[in-house]
Amino acid sequence: MGGGLTVQTSFTLAQLADPDIAESEKILRACVHCGFCTATCPTYVLDGNELDSPRGRIYLIKDMLEHDRPATAEVVQHIDRCLSCLACMTTCPSGVHYMHLVDHARVHIEDTYRRPLGERLLRILLAKLMPYPRRFRLGLHAARLAKPFAPLAQAVGFKRLAAMLRLSPRHPPHRPLAPQIFAAVGARKGRVALLAGCVNDLLAPAINAATIGVLTRHGIEVVLPSGAGCCGSLVHHMGREAEALAQARANIDVWTSIKGLDAILITASGCGTTVKDYGFMLRGDPAYAERAARVSTLAKDISEYLAGMPFKSPQQTPGLVVAYHSACSLQHGQRITRQPKELLAGLGFVVKDVPEGHLCCGSAGTYNILQPDIARRLRDRKVGTIERLRPDVIAAGNIGCITQIAAGTALPVVHTVELIDWATGGPCPSALRGYRSRPAMSTAAGSAGGSPERILQR
Ligand code: SF4
Ligand code: SF4
């Protein structure tokens, strides 16, 4: 397929009366089939199949929507393999909004395709469990007990069950934080709502604790409101649109009822990308469109909010070498690339970029459960590039990436905000507590450019 001409479409006027079709048609027509996006698409990079590239998927989606056909098994296979990592959007010179196109395709698939029974049940289980912390906590308890059977599940061909068990934590899940207000220390300089997330508190409560710690110490009041829940991205990526919109509306109701908010902060960048898209998702709902757009404007990733914040007398932290893994949802979904690294470097960490940083680690929401083989290959590739940097710690801004990468390496993996909190007076992240600094080498200046020796020892 050559480049130059835009994709021609032949939707009828009746089809174009549907605003979702009209939107997708606009996106399709922006594509000049140049194929630049193929080079940065993880699934194409792995196997070189055009139908597993953005350009190939765009053609499949066009054909399906234009002819108003039920999704076929072939289309479903190639769309399911898409990670929604959005690397293609960063690469595309024509501004093709692939995210909205593939979201539309997933809804069409959900409406028109009947998956095999086992897959349907698994998807229902994930959709009814993960967005609800109490239910998910019970599920994690069960998965933890069954974890030793992961190799058996793999051996008998239950790869998805095996992946789920492998990803489940070894320790018991924690309890979700109760709704409350965390007062600013000293004079109040700002007020934010925090999206606690469905997974953060259960798997890694240190992320929200670090966020609340660093914010309140710097005069920001943090509201954890009652009634806010899952952002909807989990079911949104499965094409379960009614559920996703219901979850979005519930959050919008809660957040817009809080007075004086400067921002809605999100520490899981996958969720942040979805909340920033609420304005688009609810554009056709007169009762919510305006408030949804307002919420999307207020939504900020924690690194975006902290960037530029004058930190109070940073404490000396060991000049750890940090491999910064840029989550796809942060770098491609929200175009936040500089801020996390600048924050860490400014606080004395030695930050190293991960080669092939544009490629996904394979986490992608529930992708590492639903597509375990591709997810594992991407994880191993990612871990390999990270370990070659010989970092002391890996930092990322998304719990999904943290869980995925941690499952493939012995290196400590933390959320970026945990390091920021530590460097500004908070506790040392638990993943690093086994380390101790050498007394003579405890400043960033002493370690600039990385050290031939480990600055910290186990
Ligand atoms: S999506 Fe963008 S980069 Fe990919 S083929 Fe179309 S125009 Fe080219
Ligand atoms: S979102 Fe990621 S996996 Fe999907 S087509 Fe784009 S680059 Fe490929």
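Residues numbered from 1 in each chain as written. Chains lettered and ligands numbered in written order. Predicted model: local features only at pLDDT ≥ 70, side-chain atom pairs only at ≥ 80, totals over all residues. Heavy atoms only, no water.

K.L.:
I keep staring at the site of ligand 2 and nothing clicks. Help me out?
P.N.:
All residues adjacent to ligand 2 are Cys41, Pro42, Pro54, Arg57, Cys82, Leu83, Ser84, Cys85, Leu86, Ala87, Cys88 and Tyr98. Within the residue set of the shell around ligand 2, elements represented by two or more residues are helix 4 (54–66) and helix 6 (87–91). Among the residues making up the shell around ligand 2, the classes are represented as ten nonpolar, one polar and one charged. (Near = heavy atom within 4 Å. Helix = DSSP H or I, 4+ residues; strand = E, 2+ residues; numbered from the N terminus. Nonpolar A, V, L, I, M, F, W, Y, C, P; charged D, E, K, R; others polar.)

K.L.:
What am I meant to see in the pattern of salt bridges here?
P.N.:
Pairing between side chains of opposite charge can happen when their charged atoms approach one another. All chains considered together, the criterion is met by 29 salt bridges. For aspartate 20, the salt bridge identified is with arginine 283, shortest N-O distance 3.1 Å. Of this pair, aspartate 20 sits in helix 2 (residues 19–30) while arginine 283 is found in the loop between helix 17 (278–281) and helix 18 (289–298), placing the two residues 263 residues apart along the sequence. Of the residues examined, arginine 283 reaches a relative accessible area of 33% and is grouped as partly exposed. Two residues, arginine 160 and glutamate 119, come together in a salt bridge whose shortest N-O distance is 3.9 Å. (Salt bridge = Lys/Arg side-chain N within 4 Å of Asp/Glu carboxyl O. Buried < 20%, exposed > 50% of the residue type's maximum accessible area, 1.4 Å probe, protein only.)

K.L.:
Can you walk me through the nonpolar core in this structure?
P.N.:
One broad trend across soluble globular proteins is that nonpolar side chains are buried collectively. Ranked by size, the top nonpolar core spans 94 residues in total, and within it Leu215, Trp255, Val275, Tyr278, Leu306, Phe349 and Leu419 carry the most contacts. Considering every element that reaches this core, the biggest residue donor is helix 15 (residues 241–255), with six residues. Beyond its immediate sequence surroundings of up to four residues, valine 275 is in contact with Leu195, Cys231, Trp255, Ile266, Val295, Ser296 and Ala299. (Core = buried A, V, L, I, M, F, W, Y, C linked by side-chain atoms within 4.5 Å. Contact = heavy atoms within 4.5 Å.)

K.L.:
Would you mind going over the side chain of asparagine 398 with me for this structure?
P.N.:
With respect to the helices and strands, asparagine 398 occurs in the loop between strand 8 (393–396) and helix 24 (399–406). At 3.3 Å, the side chain of asparagine 398 forms a polar contact with the backbone nitrogen of glycine 270. The contacts of asparagine 398, once residues within four sequence positions are left out, are Thr267, Ala268, Ser269, Gly270, Ala327, Ser329 and His415. (Polar contact = N/O pair within 3.5 Å; in protein donor to acceptor, adjacent residues only side chain to side chain.)

K.L.:
I tried to follow the pairing of strand 4 (residues 263–266) on my own but got confused; where do I start?
P.N.:
Looking down a regular strand, the side chains alternate between one sheet face and the other. What you see with strand 4 is no split at all: Ala263 and Leu265 on one side and Ile264 and Ile266 on the other are buried throughout. Pairing between strand 2 (residues 190–195) and strand 4: four bridges, direction parallel. Bridging across to strand 4, leucine 194 finds its partner in leucine 265. (Pairing = 2+ DSSP bridges.)

K.L.:
What am I meant to see in the sheet that holds strand 4 here?
P.N.:
Note: strands within a sheet are paired through backbone hydrogen bonds, in either parallel or antiparallel orientation. Here we have five strands laid out as an open sheet, ordered 1-3-2-4-5, and mixed in their pairing. The sheet is open, and its two borders are formed by strand 1 (180–182) and strand 5 (299–301), each paired with just one other strand. Neighbour to neighbour, the strand axes of the sheet diverge by 30 degrees on average, direction disregarded. Bridging between strand 1 and strand 3 (residues 220–224) involves three bridges; their strand directions are antiparallel. Residue pairing across strands places glutamine 180 opposite leucine 224, the latter belonging to strand 3. Of the strands in this sheet, strand 1, strand 2, strand 3 and strand 4 touch helix 13 (residues 205–217), which is tilted by about 145 degrees from strand 3. (Axes fitted to C-alpha atoms, helices over the stretch in contact; angles between N-to-C directions.)

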